[in-house]
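Okay, here's what each chain looks like letter by letter:
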Amino acid sequence: MNNELRDIAISSGMSAFGVGSIDDLRPHFEALPTEQTEGLSYGISIGVRVSDAVLKGIIVGPTRHYLHHYKMLNLLLDQTSLEIALAIQAKGYNALPIPASQIVDWKKQTAHLSHKMIALRAGMGWIGRNNLLVHPQFGSRIRIATVLTDMPLKTDTVLQRDCAGCSECLKACPVSAIGKSHEQWDKTACLEKLKYFAKVHNVGQYICGLCVKVCKP
Ligand code: SF4
Ligand code: SF4
């Protein structure tokens, strides 16, 4: 079924697809009770490329154009997750599509689960200095989503790579929130800047794009 599901993803516009074993992550999912995810031991990660041309317009912060593109990419991810989940269900297995971008706790800024951690398990990339997923080909210029399932799928190998000597995002961040490792990423400083952008750049959402734009390993 891996190939069949990958084909659905690619024909829907996805640029990346992977499967990871995630049973040990289930108790840590923010807003998904373990009863709901029982038996869903596989995480399918899908990724869609962000447009280089749209990112080019981000000079000092997010644009309304980027906001619209961001929403469209999330919609495409959600539609593709749904298609994959329905294909799995039609084969007699359970599948739970997780929204690409839905905050469940505004104070903590957390979602149902970390798509990034699933993507990591699915061999789609590594956690970069900017605390985002870095795909070996597309860098952080990719948005991701997840489908959890109990369908026994072949899992991909976790990538053994890192940012090496790159420091482009450190130079790009206007509030110096990025450090030498992702553990040093300053969530508070980043979030404060995102709040500022939401208001001053009239985007109304916590988006930035500056460290995404420069991440192309
Ligand atoms: S999203 Fe913006 S503010 Fe946050 S770390 Fe990246 S560049 Fe800095
Ligand atoms: S810009 Fe460079 S250092 Fe920053 S996350 Fe991407 S690869 Fe890593």
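This is a predicted model, so every value here is computed, not measured.

Thresholds applied
- Residues numbered from 1 in each chain as written.
- Chains lettered and ligands numbered in written order.
- Predicted model: local features only at pLDDT ≥ 70, side-chain atom pairs only at ≥ 80, totals over all residues.
- Heavy atoms only, no water.
- Helix = DSSP H or I, 4+ residues; strand = E, 2+ residues; numbered from the N terminus.
- Buried < 20%, exposed > 50% of the residue type's maximum accessible area, 1.4 Å probe, protein only.
- Lys, Arg positive; Asp, Glu negative; His and termini not counted.
- Salt bridge = Lys/Arg side-chain N within 4 Å of Asp/Glu carboxyl O.
- Contact = heavy atoms within 4.5 Å.
- Near = heavy atom within 4 Å.
- Nonpolar A, V, L, I, M, F, W, Y, C, P; charged D, E, K, R; others polar.
- Pairing = 2+ DSSP bridges.
- Axes fitted to C-alpha atoms, helices over the stretch in contact; angles between N-to-C directions.

Chemist: Looking at this model, I keep getting lost on the side chain of Arg-129. Mind explaining?
Modeler: Note on placement: Arg-129 falls in the loop between strand E6 (126–127) and strand E7 (133–134). Here Arg-129 is buried and forms no salt bridge, its nearest opposite-charge partner Asp-162 lying at an N-O distance of 6.3 Å. Not counting residues within four places of it along the chain, the set of residues in contact with Arg-129 comprises Cys-163, Ala-164, Gly-165, Cys-166, Cys-169, Leu-170, Ile-178, Gly-179, Lys-180, Ser-181, His-182 and Trp-185.

Chemist: Would you explain the environment of Pro-217 in this entry?
Modeler: Within the secondary structure, Pro-217 is located in the segment after helix H8 (210–213). For the pair formed by Pro-217 and Val-134, sequence separation is 83 residues and the distance between their alpha carbons is 8.2 Å.

Chemist: Help me out: how do you make sense of the site of ligand 2 in this one?
Modeler: What surrounds ligand 2 is the set Gly-128, Arg-129, Asn-130, Val-134, Cys-163, Cys-166, Glu-168, Cys-169 and Cys-215. Classifying every residue of the shell around ligand 2 by side-chain character gives five nonpolar, two polar and two charged.

Chemist: Help me understand the pattern of salt bridges, please; the structure alone is not making it clear to me.
Modeler: Think of it this way: side chains of opposite charge can pair up when their charged atoms draw near. All chains considered together, the criterion is met by six salt bridges. When the shortest N-O distance is used, the salt bridge between Arg-26 and Asp-23 registers 2.9 Å. For Arg-26, a relative accessible area of 14% translates into the label buried. A relative accessible area of 38% places Asp-23 in the partly exposed class. Across the salt bridge formed by Asp-52 and Arg-141, the nearest N and O atoms sit 2.4 Å from each other. Of this pair, Asp-52 sits in helix H3 (residues 52–56) while Arg-141 sits in the loop between E7 and strand E8 (142–149), and the two are 89 residues apart along the sequence. What emerges from the salt-bridge pattern is a single network uniting Arg-49, Asp-52 and Arg-141.

Chemist: Even after reading the chapter, I still don't get the sheet that holds E8, so can you show me in this structure?
Modeler: Taken in spatial order, the four strands of this open sheet run E1-E2-E8-E3, and their pairing is antiparallel. Of all the strands in the sheet, the pair left with one neighbour each is strand E1 (16–21) and strand E3 (95–98). Within this sheet the neighbouring strands show an average axis-to-axis angle of 25°, counted without direction. Across eight bridges, the pairing between strand E2 (residues 42–49) and E8 is antiparallel. When the bridges of E8 are listed, Tyr-42 appears paired with Thr-149. Against the sheet, helix H1 (residues 2–11) makes contact with E1 and E2, and its axis sits at roughly 140° relative to E1, the strand it touches most.

Any link to function would need more than the numbers given here.
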